[in-house]
Amino acid sequence: MFPKSTHKTFSTKLFQNLRTHQRLEKAKFSETDFTISHYAGKVTYQTDTFLDKNRDYVVVEHCNLLSSSKCPFVAGLFPSMPEESSRSSYKFSSVASRFKQQLQALMETLNSTEPHYIRCVKPNSLNRPQKFENQSILHQLRCGGVLEAVRISLAGYPTRRNYSEFVDRFGLLVPELMDGSFDERTTTEKILQKLKLENFQLGKTKVFLRAGQIGVLDSKRAEVLDSAAKRIQGRFRTFIARKDFVLIRAAAFALQAYCRGCHARSIYVAKREAASALILQKYVRRWLLRNVYMQLYSASVLLQSCIRGFSNRQRFLHQKKHRAATLIQAQWRMCKVRSIYRNRQTSIIAIQCRWRQKLAKRELRRLRQEANEAGFLRLAKNKLEKQLEDLTWRLQLEKRLRVSNEEAKSMEISKLKKALETLNLELDAAKLVTVNECNKNAVLQNQLDLSCKEKSALQRELIGMAELRKENAFLKNSLESLEKKNSELALELIKSQKDRNDTLEKLQEVERKCFQFQQNLQSLEEKLSSLEDENHVLRQKALTPSPKSNRPGFVKSFSEKYTGPLALTQSDRKPVFESPTPTKLIAPLSITLSESRRSKFAIERHQENHEFLSSCIQADLGFKEGKPVAACIIYKCLLHWRAFESERTAIFDHIIEGINEVLKVGDENIALPYWLSNASALLCLLQRNLRSNGFLTTISQRSAGSSGVTARVGQSLKSPFKYIGFDDSMSHVEARYPAILFKQQLTACVEKIFGLIRDNLKKEISPLLGSCIQAPKTVRHAGKLSRSPRGLPQQSQSSQWDSIIKFLDSLMDRLRGNHVPSFFIRKLITQVFSFINISLFNSLLLRRECCTFSNGEYVKSGLADLEKWIASVTEEFAGTSWHELNYIRQAVGFLVIHQKRKKSLEEIMQDLCPALTVRQIYRISTMYWDDKYGTQSVSNEVVAQMREMLNKDNQNLTSNSFLLDDDLSIPFSTEDIYMAIPAMDPSDVELPPLLSEHPSVQFLIIHPK
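Small disclaimer: the values here were computed from a predicted structure and weren't measured. (Residues numbered from 1 in each chain as written. Predicted model: local features only at pLDDT ≥ 70, side-chain atom pairs only at ≥ 80, totals over all residues. Heavy atoms only, no water.)

**Some points on the overall build of the protein chain**
- Helices and strands together make up the secondary structure of the protein chain, namely 33 helices and ten strands.
- Across the 1009 residues in the protein chain, those meeting the buried criterion constitute 30%.
- Sequence separation of 24 or more characterises 78% of the internal contacts of the protein chain that already satisfy a separation of 6 or more.
- As displayed, the protein chain offers around 66,200 Å² of accessible surface, 56% of which is attributable to carbon and sulfur atoms. (Helix = DSSP H or I, 4+ residues; strand = E, 2+ residues; numbered from the N terminus. Buried < 20%, exposed > 50% of the residue type's maximum accessible area, 1.4 Å probe, protein only. Contact = heavy atoms within 4.5 Å. Areas by Shrake-Rupley, 256 points an atom, 1.4 Å probe, with all protein chains shown as cover.)

As structure tokens, this is what we get:
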């Protein structure tokens, strides 16, 4: 084929001739390889030995040998070549040429026939029955070109008929057009226009129809033929029936007279014989049936006792083996994980100690170099004292946070343990062990990842240390030259050395303390990182108990949480809005008279600010254009007083305490929606206008790789700006640590208020739901006493569901009146409807008197009223509330079906009740009874199938409960609040007249925005 060609010349000619082709690309790292862009992706081909592989000569002797094989399959693969090709000496035969000939013969065969293609589609990737993956099948159809072929077929005219065939077949649809002598093309056009079909085309000899139009014509033709056949059959049957009736009536008159006489005589004889036969049969049957019954009774009792004993022994042995296996697995896994954990812990501690040792040596070397000069000693001392005080204050804050979190956790854990004890009885021990082991493995895996990251960071630092050593050697040489020059100043340095020794001792003590503080901080951050996930779950669960029981402990103030042996005394605390500067930290103890006056003035000013905030929180300031006035005024005051930039302040605790007191004293129906609107608005203002300062960045740098509280808070402060649309270049208020804690407390406050409102709604609607599920029983009893349609039962039946509608209307009025964001209203309505679904469905499964036909009709009518209410309030406030009623809607729909015995299990599970489990359907089917029409439940075959499925599933399920559980978690996160609530401008809100006389907020009146 290519006698003097190589793979390099082949690739060169390929790139020269097809360089501009869009599907041919040249490989990056090879001169001879090329890439072709197929539909599925790019494929790179190597041209090495590419030509040698295509020189696939076929040896004639080999083909003759294989064609003479006795195996028909092998002989069919190598048929004998034609005589012409074998005689030609200048031609050669190859595998490719043979394949080309066979392919050409196949194409000729296909072109001579009318092939019908069948596309085989793989339903799922697991090779399992009864499973259909939509995305995978759609991808196969698209790759195979089926969808494109269907689209092309639908875009054209797939149906084509001759005019004569069309008129002969569909002319009977319009018989009035067939009487005249019209042209076939004109007749076809009139038929299609008469049937109101569009988008058809008329050719010279054929009519072209769109997809589906021929089916419409055939259906109408079948209807016409069916009606004509029925009319003919009716006339013929009438004639035959009348003829037979006349003959039968004449014969019946004659036979009736004779038969009545014979019948009367035979009845008399039969009655006389029956009376005597009954007496004999009674005694004989009683004796026979008694003997058979005694035999069956003794045999069944013996079989039942044997079967029950065998099944109980097998169950006991299986449980015994299962428990022993779970104990062995638990001990082995515990030992294995414990050894892995200890090894990792020792390696991590060794690496940390080595790294801290190097950091301490480097810091000590730097301090010694700076201590050579007497002027830097005082500055270093002041800096260390400032850092020490800052570290101690932050350490105390972290310790207080830890103590408060541990106290709250201990209280919540004691409450949750009681609930867990009831749930643990229903769970399988083996499942719990596996879940716990998986969680431990995940935690250990996370710790291993963190240790790997720290190890990589340490390696980079070691490289930097090697460079620093070289620099230190250079600096030592320079120091030796400087020591020669400083020999003249030796007398002065002797005095400074004494001071230096004293300061070095102090510095060493400070270094030891700082090292201990750093270790404590790192241990605290590691513990907090592991407890943050638990705190999030416990905080959500802590919001679920009854509102009255949790009302005293709603939100703890900042001062109450941190009171104790670790708390700062009143004298040690700074003024409320002052940030500690270096001059204030190094100031002498003697304070002048002017400074004391300033401090008194600042204390009085802070007291006035607290009084104004208390009056603002306690008063109902209302709303202005949908904006909460109280939240806007509080934010403007805090921004003006620079409270967010202060490192030590108690004003945030005062605000949380004030909200807590208002919620304790005020009316729940008014205070909770009002403060839900204000707290969420204030939280959004803080999130959109605050940004973290250098404190968070220094902490994150110091604890590189650690998941501390400050680092996560800083990330949470930065992330929402990207979602809302703010850039990092925009100016925001720098938030200190108290402001970040205040945002966390305010987030917990919003979640708590939402939980209280939800629990109050569930508590109020529970008696209404109980009366609704019990109402059909009272209706049935009242119906027996009075049958009048205008009696009391009809009024009570509608009043129960009307009370729920009125309750929902009052709830919407309260929430809209307080301008609660639609996001919270949608979540509240969704959870209320979820509670309605759970209560009604569980009552239906637990009480047999509720699982009736009349009760199903009653509940179905009530659900229709709820659907109308959801449509009236629109999707903005209702959301997906109607979908939350899936369980009760499907259960009620199953109750009101008349022909349950004709339904199979597949129809029930797929069409009627797709959301219900087999256990729930079995429960409804066994408890159902029709008190209205007397219809029966599902067939015995369906019940037997469900019983077999339940017996198989009992070994795999962790819980056999068929009831629904109530979801007590908070259905939103902080990110959802920021994304859902629109941005607001607090500058438009003016100060109310009630608060305008206060002296500390005159800036709101003097300088209005």
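Picking up where we left off.
**Some details on the sheet that holds strand β4 (residues 159–162)**
- Spatially, three strands are ordered β4-β6-β5 in an open sheet, and the strand pairing comes out antiparallel. Of all strands in the sheet, those bounded by a partner on one side alone are β4 and β5 (201–202).
- Contacting β4, β5 and β6 (206–209), helix α9 (residues 163–170) runs over the sheet at an angle of about 90° to β4. (Pairing = 2+ DSSP bridges. Axes fitted to C-alpha atoms, helices over the stretch in contact; angles between N-to-C directions.)

**Re the pattern of salt bridges**
- Under the defined criterion, the tally for this structure stands at six salt bridges.
- Between Asp759 and Arg758 there is a salt bridge, with the nearest N and O atoms lying 3.9 Å from each other.
- You can call Arg758 buried: its relative accessible area is 1%. (Salt bridge = Lys/Arg side-chain N within 4 Å of Asp/Glu carboxyl O.)

**Description of the pairing of strand β3 (residues 42–45)**
- Sheet topology places strand β2 (residues 34–37) next to β3; four bridges connect them, and they run antiparallel. The residue of β3 that forms the bridge with Thr35 is Thr44.
- Hairpin remark: β2 followed by β3, antiparallel, with four residues in the connecting loop; positive phi at Gly41, about 155°.

**Structural notes on the packing of helix α28 (residues 886–895) against helix α30 (residues 918–927)**
- Contact pair α28 / α30: the axes reach a minimum separation of 11 Å and the direction vectors enclose 40°. Judged by the twist between their axes, the crossing of α28 over α30 is right-handed. Taking contact as the criterion, the partners of Tyr887, Ala891, Phe894 and Leu895 in α28 are, on α30, Gln920, Ile924 and Ser925.
- Here the residues of the contact of α28 with α30 are counted per class, giving five nonpolar, two polar and no charged. (Left-handed = near helix turned anticlockwise from the far one by under 90°. Nonpolar A, V, L, I, M, F, W, Y, C, P; charged D, E, K, R; others polar.)

**Regarding the nonpolar core**
- Ranked by size, the top nonpolar core spans 118 residues in total, and within it Phe644, Phe824, Leu866 and Trp869 carry the most contacts.
- For this core, the element with the most residues is helix α24 (residues 737–785), which contributes 15 residues.
- The contact partners of Trp869, leaving out residues within four places of it in the chain, are Ile805, Leu808, Asp809, Met812, Ile829 and Phe833. (Core = buried A, V, L, I, M, F, W, Y, C linked by side-chain atoms within 4.5 Å.)

**Concerning the packing of aromatic side chains**
- Counted under the stated rule, the structure contains twelve aromatic pairs.
- For the pair Phe652 and Phe742, a centre-to-centre distance of 4.6 Å together with 20° between the ring planes defines the contact as stacked. One end of the pair, Phe652, is in helix α20 (residues 651–665); the other, Phe742, is in helix α24, and 90 residues separate them in sequence.
- Residue Phe742 is classed as buried on the basis of its relative accessible area of 1%.
- Here the basic side chain of Arg210 rests over the ring of Tyr157, its NZ or CZ set 4.4 Å away from the ring centre.
- Positioned above the aromatic ring of Phe877 is the side chain of Arg816, whose terminal nitrogen or guanidinium carbon lies 4.4 Å from the ring centre. (Phe/Tyr/Trp six-rings, centres within 6.5 Å; stacked < 30°, edge-to-face > 60°. Lys NZ or Arg CZ within 6 Å of the ring centre and 35° of its normal.)

**With respect to the sheet that holds β3**
- Spatially, three strands are ordered β1-β2-β3 in an open sheet, and the strand pairing comes out antiparallel. Strands at the two margins of the open sheet, each flanked by one partner only, are β1 (24–26) and β3. The sheet shows a mean angle of 30° between the axes of neighbouring strands, taken without regard to direction.
- Bridge count for β1 against β2 is three bridges, and the pairing is antiparallel.

**Comments concerning a nonpolar patch on the surface**
- Together, Phe99, Leu103, Leu106, Met107 and Leu110 make up a nonpolar patch on the protein surface, roughly 460 Å² of accessible area in all.
- Structurally, the position occupied by Leu106 is in helix α6 (residues 95–111).
- Taking relative accessible area as the criterion, Leu106 reaches 45% and is therefore assigned partly exposed. (Patch = residues over 30% accessible without salt bridge, like charges linked within 9 Å, V, L, I, M, F, W, Y side chains within 5 Å.)

**Observations concerning the environment of Leu209**
- Here Leu209 is to be found in strand β6.
- A sequence separation of twelve residues divides Leu209 from Leu197, and the C-alpha atoms of the two residues are 9.3 Å apart.
- Excluding anything up to four places from it in sequence, Leu209 contacts Tyr157, Pro158, Thr159, Phe166, Leu192, Phe200, Ile214 and Leu217.

**Focus: the packing of helix α26 (residues 822–846) against α28**
- Packing of α26 against α28 brings their axes to within 8 Å, and their N-to-C directions diverge by 40°. As α26 packs across α28, the resulting crossing turns out to be left-handed. Contact residues: α26 offers Asn837, Leu840, Phe841 and Leu844, while α28 offers Asn886, Tyr887, Ile888, Ala891 and Leu895.
- Partitioned by chemical class, the residues of the contact of α26 with α28 number seven nonpolar, two polar and no charged.

**Regarding the confidence of the model for the protein chain**
- Confidence along the protein chain averages 75 in pLDDT terms, with 77% of residues attaining 70 or more.
- Taking the mean pLDDT of every element in the protein chain, the minimum, 34, falls on helix α17 (residues 582–585) and the maximum, 91, on helix α11 (residues 213–371).
- pLDDT under 50 marks residues 84–90. Its contacts with residues more than four places away, or in other chains, come to zero contacts.
- Here residues 694–731 is modelled with pLDDT under 50, and outside its nearest four sequence neighbours on either side it reaches 55 contacts, counting other chains as well. (pLDDT = per-residue confidence, 0-100.)

**A few points about α20**
- Spanning 15 residues, α20 covers 21 Å between terminal C-alpha atoms, matching the ideal 21 Å at 1.5 Å per step.
- Taken as a whole, α20 has its buried residues at Ile651, Phe652, Asp653, Ile655, Ile656, Gly658, Ile659, Asn660, Val662 and Leu663. (Expected span 1.5 Å × (residues − 1).)

**Focus on unusual backbone geometry**
- Here the phi dihedral of Lys196 falls at roughly 60°; this positive angle occurs in a residue that is not glycine.
- Structurally, Lys196 can be placed in the loop between α10 (184–194) and β5.

**Describing the environment of Arg210**
- In this fold, Arg210 is placed in the loop between β6 and α11.
- With twelve residues separating them along the chain, Arg210 and Glu198 place their C-alpha atoms 8.7 Å apart.
- For Arg210, the residues in contact, after removing those within four places along its chain, are Leu154, Ala155, Gly156, Tyr157, Pro158, Thr159 and Asn199.

**Comments concerning a positive patch on the surface**
- On the surface, Arg354, Lys361, Arg365, Arg368, Arg469 and Lys476 cluster together into a positively charged patch.
- Elements that contribute at least two residues to the positive patch include exactly α11 and α13 (429–485).
- Ranked by the residues each element gives to the positive patch, the list is headed by α11, at four residues.
- Considering the arrangement of structural elements, one finds Lys361 in helix α11.
- Accessibility expressed as a relative area gives 46% for Lys361, which makes it partly exposed. (Lys, Arg positive; Asp, Glu negative; His and termini not counted. Charge placed at Lys NZ, Arg CZ, Asp CG, Glu CD.)

**Comments concerning helix α19 (residues 629–640)**
- For α19, which comprises twelve residues, the first-to-last C-alpha distance of 16 Å matches the rise-based estimate of 16 Å (1.5 Å per residue) to within 8%.
- For α19, a buried count of ten out of twelve residues is recorded, marking the element as mostly surrounded by other parts of the structure.
- The set of residues buried in α19 consists of Val629, Ala630, Ala631, Cys632, Ile633, Ile634, Tyr635, Lys636, Cys637 and Leu638.
- Just past α19, the residue Arg642 takes up positive phi, approximately 60°.

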